[in-house]
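One letter stands for each residue in the lines below.
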Amino acid sequence: MIVKHGDPREMFIRSSDNPLLTAEAFPRMVNAVFNPGVVSFDGLTLLLVRVESRTGLSSLVVATSPNGVDGWEIDWDRHMQPERDTFSEHWGVEDPRITRVGDQYYIVYTGYGVGGPMVCLAVTEDFVTFERRGVLQPPEDKDAALFPTTFDGRWALIHRPAPASSGLGAHMWLSWSPDLCHWGDARILLHARRGGFWDANKIGLGPPPLATDHGWLICYHGVRVTASGSLYRLGLALLDIGDPSKVLMRGDEWIFGPDAPYERAGDVPDVVFPCGWLLEDDGDTLRMYYGAADSTVCLATASVERLLAHLEGHPSGSVPIANSSD
Ligand code: BMA
């Protein structure tokens, strides 16, 4: 059963089975399990879960369920361990976003190297072996995912470089590549807003973009820094289906934020952090999997139609807002 938490007008409804996965459910003693990528695989919902061990370093472990809600099996043998002798994964692998391309799954993840976090790619067909394809964007850069199609022969990557000068803000960028190896033509896709906004100063992509009849639906996190820590909340935007560098709409308000006890307390309190979502066969029900408070794996469900209607109904929804900064 799915029940809400908080206001009934919320668009994302939390699962009553939350948290779906906790560290205690894992076969080895680990510190935390969170921020999973998700795909439908072999008739099952497959999560690639970020597992933080008691060293503090993370790896990615497969968990599957027949219905995406309960009956989870944790497959410790299907495990993407960091290649600790490489410069890009010395301190672990984190936050996978998975894009299916034909029979292959492109996993864009954060490699935590001695130079800082960077955007890396691994490809798998079976979630048993993971072929490293290297670094897509150097440090500091994270919160990245590929689109499932090319555009005029070029791959598009959304990512979030963090400039050394923090006054510049951390924005979402779009970069292009003919071969998934050489990247360029980089420009800002969505600016972090400024001032009192919930998404002022620092934003980053959540799950990979979702194709809809109206465009690519984007969910992103915004970070509000408060006197007692950072608040991670989620907002929506829509990109042109043929040219994702065109931002068609962006909501002014956050649409999901920490509210339930398991989101408000944990290793990092007040964090909801999705890296994957899955559209059900009805073409409308969207299951969003997210890390709660950097501690557990949770699920919230929404109607795509309602999310799009929310964007349409917003003041900023009717005007192009690329390059908007206030
Ligand atoms: C971000 C990422 C996430 C994490 C979040 C909140 O920068 O590192 O992995 O969930 O911070 O701590």
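It should be noted that the structure appears before, not after, this text.
Everything in this summary refers to the structure shown in the same document.

Criteria and thresholds
Residues numbered from 1 in each chain as written. Predicted model: local features only at pLDDT ≥ 70, side-chain atom pairs only at ≥ 80, totals over all residues. Heavy atoms only, no water. Helix = DSSP H or I, 4+ residues; strand = E, 2+ residues; numbered from the N terminus. Buried < 20%, exposed > 50% of the residue type's maximum accessible area, 1.4 Å probe, protein only. Contact = heavy atoms within 4.5 Å. Polar contact = N/O pair within 3.5 Å; in protein donor to acceptor, adjacent residues only side chain to side chain. Phe/Tyr/Trp six-rings, centres within 6.5 Å; stacked < 30°, edge-to-face > 60°. Lys NZ or Arg CZ within 6 Å of the ring centre and 35° of its normal. Pairing = 2+ DSSP bridges. Axes fitted to C-alpha atoms, helices over the stretch in contact; angles between N-to-C directions. Core = buried A, V, L, I, M, F, W, Y, C linked by side-chain atoms within 4.5 Å. Near = heavy atom within 4 Å. Areas by Shrake-Rupley, 256 points an atom, 1.4 Å probe, with all protein chains shown as cover. Nonpolar A, V, L, I, M, F, W, Y, C, P; charged D, E, K, R; others polar. Salt bridge = Lys/Arg side-chain N within 4 Å of Asp/Glu carboxyl O.

## Structural notes on the overall build of the chain
The helix and strand inventory of the chain stands at two helices and 21 strands. C-alpha extents for the chain along the principal axes are approximately 50 × 45 × 45 Å. Buried positions account for 56% of the 326 residues belonging to the chain. The long-range fraction of contacts in the chain, counting pairs at least 24 apart against all pairs at least 6 apart in sequence, stands at 49%.

## Considering the side chain of S177
Inspection of the secondary structure puts S177 in strand 12 (residues 172-177). Here L180 takes part through its backbone nitrogen, which lies 2.8 Å from a polar atom of the side chain of S177. A polar contact of 2.7 Å, which involves the side chain of S177, links it to the backbone oxygen of H182.

## What to know about the packing of aromatic side chains
Summed over the entire model, instances satisfying the criterion amount to 15 aromatic pairs. Aromatic pair Y106 and W155: ring centres 5.8 Å apart, planes at 25°, arrangement stacked. Of this pair, Y106 sits in strand 7 (residues 104-113) while W155 sits in strand 11 (residues 155-161), and the two are 49 residues apart along the sequence. The exposure class of Y106 is buried, given its relative accessible area of 7%. The aromatic ring of F197 is capped on one face by R193, whose charged end is 4.7 Å from the ring centroid.

## Regarding the sheet that holds strand 9 (residues 131-137)
Pairing is antiparallel across the open sheet formed by four strands, whose spatial order is 6-7-8-9. Strand pairing shows two members of the sheet lacking a second neighbour, strand 6 (93-101) and strand 9, which therefore form its edges. With direction set aside, neighbouring strand axes in the sheet form an average angle of 25°. Where strand 6 and strand 7 come together, seven bridges link them in antiparallel fashion. Its bridge partner lying in strand 7, V93 is registered against G111.

## Observations regarding unusual backbone geometry
Cis geometry marks the peptide bond from N18 to P19, where omega comes out at -10°. Take P19: it is sitting in the loop between strand 1 (13-14) and strand 2 (32-41). Looking along the chain, the bond that leaves P139 and enters E140 is cis, with omega of -20°. Structurally, E140 can be placed in the loop between strand 9 and strand 10 (141-146). Of note, N35 is a non-glycine position whose phi angle comes to about 45°, a positive value. Looking at the element boundaries, N35 is found in strand 2.

## Focus: the nonpolar core
Residues F12, L217, F256, M288, Y290 and L307 are the most contacted members of the largest nonpolar core, which totals 26 residues. Mapped by element, the contributors of at least two residues to this core are strand 16 (215-226), strand 17 (229-239), strand 19 (272-279), strand 20 (285-292), strand 21 (296-303) and helix 2 (304-312). In this view, F12 contacts I255, F256, M288, A300, T301, A302 and L307; residues no more than four positions away in its chain are not counted. If you look at the next biggest cluster of nonpolar residues, it comprises 20 residues, including I158, L205, I218 and A237.

## A few points about the site of the ligand
Inspection of the region around the ligand gives N35, R50, D95, K142, Y232, V268, V271, F273 and D294 as its neighbouring residues. Between the ligand and R50, the relevant distance is 2.7 Å, taken from an oxygen atom to a side-chain nitrogen or oxygen of the residue. Between the ligand and K142 there is a distance of 3.2 Å, counted from an oxygen atom to a side-chain nitrogen or oxygen. Protein coverage of the free-state accessible area of the ligand, which is 310 Å², stands at 86%. Broken down by class, the residue content of the shell around the ligand amounts to four nonpolar, one polar and four charged.

## Some thoughts on the pattern of salt bridges
Tallying each qualifying case throughout the model produces 17 salt bridges. The residue D95 makes a salt bridge to R50 at a minimum N-O spacing of 3.0 Å. Highlighted residues: D95 in strand 6 and R50 in strand 3 (residues 44-52), separated in sequence by 45 residues. D95 gets classed as buried once you look at its relative accessible area, which sits at 7%. A single network of salt bridges, built from pairs that share partners, joins R193, D199, R250 and D252.

## Some thoughts on the pairing of strand 21
Burial runs high along strand 21: seven of the eight residues are buried. Bridge count for strand 20 against strand 21 is eight bridges, and the pairing is antiparallel. Paired with Y289 across the two strands is L299, which belongs to strand 21. Where strand 20 folds back onto strand 21 in an antiparallel hairpin, the turn is made up of three residues, including A293, whose phi is positive at roughly 55°.

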